[in-house]
Structures are given as structure tokens and as C-alpha cells.
Amino acid sequence: MKNLNKSQRNALLSAIVASGTDDLNVMFLAFSMSTIISQLGISGAQAGWIATITNFGMLFGGILFGILADRYSKLKVFKWTILIFSIATGLIFFTNNIYYLYAMRFIAGIGVGGEYGVAISIMAGLVPSEKMGRISSLNGIVGQIGSISSALLAGLIAPIFGWRGLFLFGLLPILIVVWVSRTVKEEELHIESYSDEDDESAQGSIKDLFKDRKTSYQTIVLMVMTTVQIAGYFGMMNWLPTMMQQNIGVSVSGSSTWMIATIIGMCIGMFVFGQILDRIGPRLAYGIFLISSAVAVYLFTFANSATSILIGGAIVGFFVNGMFAGYGAVITRLYSYKISTIANNTILNVGRAVGGFSSVIIGYILDMSGVPLVMLFLAGLYIISFGFMITLPQLKADNYKTLDNGVDIDTSTTTVKNNKRLAEA
């Protein structure tokens, strides 16, 4: 990091901070949902589609901007994604019916889905690959800070300006675009672009994620893992507070305290996971966290006091979401740099689109059975992810360390040049 110039440092900082702002915007919905249902006169099913449509927007935006960023300027595409989700979020202020809200959330999703992979790719272009675990963990921690900030803003702004006024604060990330435009000179970044390549093969596409049997299987396994990651996160954050209120007798304020403890656990887990990922490799790091997540989630079923709920929530958060930040580092390492944004955006946003349905499944299980079966279902997801993960030999520490941003997969001059620069950083 010490060898980075001013533009590179500012670009790296903006890429890390941006993920916190898109989490801030996305979480505004969670703290406004009950009021939106009441004021727009919509059903619970209609309200549920708001998040689903947002996830579809993320998938579309992830693929679209992943391709554009890998073919053209990552920095310019990065700024465009922030502008899109910020402006769309601010325009929710003018909502007068559910269909307008659907449209704005879909557009906001396009921006958010595109931003993640572009930001990770910028980080990977500036940071040596053996340090990406630690850097991506900071990215995840900032995302959790964004979620906490969203809760604080909701408590302060919504009572005064209403839920529409809250969404106006979604325009704040535009300040990042202004700051980047003023402090980052693209020609000083030295992040490789493929727009000037004469060889069309230098331009990555989504087909490169499935170009042969080995790469296709790798992509599918990572999609399964991210799907489980998202499913477990949404299941825990969306349903566990409700289950505690209904089945354990915890008050609303008590469940809010639990959520804070859980988010703190997540931040610590991300920091620890980033450290061990770079040191022991993804297979052992994910193996420890996946098995521990399954055990922690199931044992949380037996929490029956305020103290055990707080401690259990922190432990569950530590393992369940601690490993989320590692996916950006792992995916960037396993694929050629020319498709790093496409790979990150496609794999994560497929996970978001599919994993987001876990809330529906959990609701069905609750109706049919109860909390113990829900916890068993969530624990089982992590065992499934573990089973898929161990089938990828390239995640072993020795194999993983030999990869250099996909040089073994793609040996284009630009990629090799970029990796030499990373090694010297």
C-alpha cells in the first residue's frame, strides 16, 4: 500500500467506502417497510416483491456493468453505478404507488449490483493478491457500518420527514463521485483496460465463466456457495428477530439489541476471516467457518435467556457473515483479471437472486412446523456449501497460492503486465 500514488490511494479508499453506501441505501427499505405497507395500502405479498425486484435488478446490473467495466474504464463505470443507485433511491421520495416504487428499486438494484464487482476489481488492480483477503474484509466491514448508519438515520429522519424523506438521504453517495472526480486521475491508476486492444479475444464476456468443464464447475460451485451465503444472511437477519419475539418472548427492543450484537459479531468475523484467508488459503478458512456456522446456527435454537441470545447472536454473526467478505478476494484470484468484474458480479448476484428466496422458504417452514426445523434448515445449507466447496482442488492453500489473478487461465500480455505490477507493489 505504501507504494501507491495519491490517485491510487484515493481510488482504493473510494472503492472500499462505496460498498458501505450501497448497503446504506438498500437497508433503508427494511426500516421503512411497515410504513410503506400502511401508506400505500399494499399487501404483504406486494411488499415482499419489492426486495425480490431489487435482487433481479442487482443481477441485471451486475452482468451489464461487469461486462462494461472489464471492456472499458473501470473507474468511469464505478462512478456511473454509484450515480444510478443514488439517484434512483432519492427519486423514491416521489413515490405515489407500488409500481413506481418497483421501478425505482429495480433501477437502484442495477446500480448496486454493478458497483460491487467494479469496486472489487479496482481493489484487485491496486492491491497485491496475497493481501486481497484483508482488503475485501474491510470492504465488508464498511458495508455493516452502512447498515448501522441506515438504522440510525431511520430513527432520526423518518419521525420528522417520513419514510420518503429518509430515501432522499440515498443521494449522499453522489459525494463519493464528486470526490473521485476531483482527486483521482485515471491515467495515474495504471489499472489495465481492454478497450484499446486490437484482439477481440482480450475482451472478456460472461461466456468465459463457462468456457470449459473445469471453469464451468468452478463457477457453479461458487454460485452455490454465494447462494447459501445470501440465504443464510437473509434468513438470520429477516426472521430470527421475529422468531425470538414470538417464541422466546423477547421484546422488540430486545431483538434490536440482538441485531446490534450480531452485526458487531459480523464485523469481527469479517476482520478475522480476511486475516486467515490470506494466510491459510480459502479451503481451510471456509471449511472452518462453514462447519462452525452450521453448529452455531443450530445451537442458537437452544438460547433461552437475554444473555445467551446476545452472546449466541454475536457468535452466529461472526461465523455466518464473517466469510462473506472473502468471496471477492477468492473470485478475483480464481479468474483472469480481464473478467474479474464479470465474475464477481455474476456469481454474487446469482447468489442474491436465488438466495433471496430463503425468506419465503423460512416463512413456509414456520407455518408448517416451527423454529427448530428452520434452524435445522439453515444449518443444513452450510453443510451443503461445505460439501461443494471441498470439491474444488484449486481452493487448497498450495494451489491457491500458485494462481496469480488467472494467469494460468489467461496469458494475455495485458494480464501478465498487470500481475507483474501487483507483485512489485
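Treat the numbers as computed from the prediction; the structure is a model and nothing was measured. (Residues numbered from 1 in each chain as written. Predicted model: local features only at pLDDT ≥ 70, side-chain atom pairs only at ≥ 80, totals over all residues. Heavy atoms only, no water.)

### Digging into the overall build of the protein chain
Rules: By definition, any uninterrupted DSSP run of H or I lasting at least four residues is a helix, any uninterrupted run of E lasting at least two residues is a strand, and each is numbered from the N terminus. Remark: exposure states derive from per-residue accessible area (1.4 Å probe, protein chains only) relative to the maximum for the residue type, with buried under 20%, exposed over 50%, and partly exposed in between. Throughout, a contact is declared for two residues whenever any of their heavy atoms are within 4.5 Å. All accessibility values rest on the Shrake-Rupley procedure with a 1.4 Å probe; residue burial counts only the protein chains present in the view.
Along its length, the protein chain carries 17 helices and 0 strands. The buried share of the protein chain, taken over its 425 residues, is 56%. In the protein chain, of all internal contacts separated by at least 6 residues, the share reaching a separation of at least 24 is 83%. Counting every atom, the protein chain has about 17400 Å² of accessible surface; 66% of that belongs to carbon and sulfur.

### Describing helix H6 (residues 132-168)
Using the following cut-off: By definition here, a helix of n residues has an expected span of 1.5 Å times n minus one. In this scheme, the bend at a residue equals the angle between the axes fitted to the seven residues that finish there and the seven that begin there.
Under the 1.5 Å per step criterion, the end-to-end length of H6 is only 34 Å for 37 residues, more than 12% shorter than the ideal 54 Å. The largest bend in H6 comes to about 125°, at Phe 161.

### Observations regarding the packing of aromatic side chains
In plain terms, the rule: Geometry of aromatic contacts follows a simple scheme: Phe, Tyr and Trp rings, the Trp one being its six-membered ring, pair when their centres are within 6.5 Å, and the pair is stacked under 30 degrees between planes, edge-to-face over 60, tilted otherwise. By the criterion adopted, a ring carries a charge over it if an Arg CZ or a Lys NZ lies within 6 Å of its centre and within 35 degrees of its normal.
For the structure on display, the rule yields 11 aromatic pairs. Both rings, one in Phe 289 and one in Phe 319, keep their centres 5.3 Å apart while their planes meet at 65°; by these two values the pair is edge-to-face. Pair noted here: Phe 289 is in helix H10 (residues 282-299) and Phe 319 is in helix H11 (residues 306-320), with a separation of 30 residues, a long-range link. With respect to class, Phe 289 is no different from Phe 319; both count as buried. Members of the aromatic cluster, joined through ring pairs, are Phe 273, Tyr 286, Phe 289, Phe 318, Phe 319 and Tyr 327. Here Lys 74 stacks its cationic end above the ring of Tyr 337, 5.1 Å away from the centre of that ring.

### Observations concerning the packing of helix H14 (residues 358-368) against helix H15 (residues 371-389)
So the rule is basically this: Throughout, an axis means a line fitted to C-alpha atoms (over the contacting stretch in the case of helices), and angles, computed between N-to-C directions, take values from 0 to 180 degrees. Whether a crossing is left-handed or right-handed is set by the direction in which the near helix is turned from the far one by less than a right angle, anticlockwise for left-handed and clockwise for right-handed. For this scheme, ten residues count as nonpolar: Ala, Val, Leu, Ile, Met, Phe, Trp, Tyr, Cys and Pro. Four count as charged, namely Asp, Glu, Lys and Arg, and the remainder, Gly too, count as polar.
The interhelical angle for the contact between H14 and H15, taken along N-to-C directions, is 145°, at an axis separation of 8 Å. As H14 runs across H15, the sense of the crossing is right-handed. Contact residues: H14 offers Ile 361, Ile 362, Ile 365 and Leu 366, while H15 offers Val 371, Leu 373, Val 374, Phe 377 and Leu 378. Classifying every residue of the contact of H14 with H15 gives 9 nonpolar, no polar and no charged.

### Overview of the confidence of the model for the protein chain
Put simply, the rule is: On a scale of 0 to 100, pLDDT captures the predictor's confidence in every residue.
Confidence in the prediction for the protein chain averages 82 pLDDT; 86% of positions are at 70 or higher. Mean pLDDT across the secondary structure elements of the protein chain bottoms out at helix H17 (residues 413-424), with 41, and peaks at H10, with 94. Of the regions scoring below 50 in pLDDT, residues 193-200 engages in 15 contacts with residues more than four places distant in sequence or in other chains. Note that pLDDT drops below 50 for residues 406-425; the model gives that stretch 39 contacts with residues more than four away or on any other chain.

### Brief notes about the packing of helix H1 (residues 6-27) against helix H7 (residues 174-183)
Short version of the rule: Throughout this description, any angle smaller than 35 degrees is read as roughly parallel, any larger than 145 degrees as roughly antiparallel, any in the 65 to 115 degree range as roughly perpendicular, and the remainder as oblique.
Where H1 meets H7, the axes come as close as 10 Å, and the angle between the chain directions of the two elements is 175°. With respect to H7, the axis of H1 lies roughly antiparallel. Contacts between H1 and H7 involve Ser 7, Asn 10, Leu 13, Ser 14, Val 17, Ala 18 and Thr 21 from the first element and Ile 176, Trp 179, Val 180 and Thr 183 from the second.

### Observations regarding helix H12 (residues 326-334)
In terms of burial, H12 is largely enclosed, as 9 of its 9 residues are buried. Buried within H12 are the following residues: Gly 326, Tyr 327, Gly 328, Ala 329, Val 330, Ile 331, Thr 332, Arg 333 and Leu 334.

### Description of the nonpolar core
As a reminder, the rule being used: To define a nonpolar core, start from buried Ala, Val, Leu, Ile, Met, Phe, Trp, Tyr and Cys residues and group those joined through side-chain atoms within 4.5 Å.
Membership of the largest hydrophobic core comes to 95 residues, with the highest contact counts inside it found for Met 123, Tyr 286 and Tyr 335. In terms of residue count, the dominant contributor to this core is helix H5 (residues 98-126) (11 residues).

### So, the environment of Thr 341
Definition in use: We call two N or O atoms a polar contact when they sit within 3.5 Å, provided that within protein one can donate a hydrogen and the other can accept it, with sequence-adjacent residues counted only if both atoms are side-chain atoms.
Following the sequence through the fold, Thr 341 ends up in helix H13 (residues 340-355). Considered as a pair, Thr 341 and Gly 114 are 227 residues apart in the sequence and their alpha carbons are 8.7 Å apart. At 2.9 Å, the side chain of Thr 341 and the side chain of Asp 70 are in polar contact.

### Looking at a nonpolar patch on the surface
Going by this rule: For patches, a residue must show more than 30% relative accessible area and have no salt bridge; joins then use 9 Å for like charges and 5 Å for nonpolar side chains, namely Val, Leu, Ile, Met, Phe, Trp and Tyr. Whenever a carboxyl oxygen of Asp or Glu lies within 4 Å of a side-chain nitrogen of Lys or Arg, that contact is scored as a salt bridge.
A cluster of nonpolar side chains, Ile 291, Val 295, Tyr 298, Leu 299, Phe 302, Leu 373, Leu 376 and Ile 383, forms an exposed patch at the surface whose accessible area comes to about 730 Å². Of all elements in the fold, only H10 and H15 reach the threshold of two or more residues within the nonpolar patch. No other element matches H10, which puts 4 residues into the nonpolar patch. Within the element layout of this structure, Ile 291 appears in helix H10.

### Observations regarding the pattern of salt bridges
Following the criterion strictly, the structure yields 2 salt bridges and no others. Asp 70 is the salt-bridge partner of Lys 74, the closest N and O atoms lying 2.7 Å from each other. The shortest N-O distance in the salt bridge between Arg 134 and Asp 278 comes to 2.8 Å. With Arg 134 in helix H6 and Asp 278 in helix H9 (residues 252-280), the pair connects residues that are 144 residues apart, well separated along the chain. Arg 134 gets classed as partly exposed once you look at its relative accessible area, which sits at 26%.

### Considerations on the side chain of Thr 332
Following the sequence through the fold, Thr 332 ends up in helix H12. Look at Thr 332 and you get buried, because its relative accessible area is 1%. In terms of polar contacts, Thr 332 uses its side chain to reach the side chain of Asn 344, at 3.1 Å.

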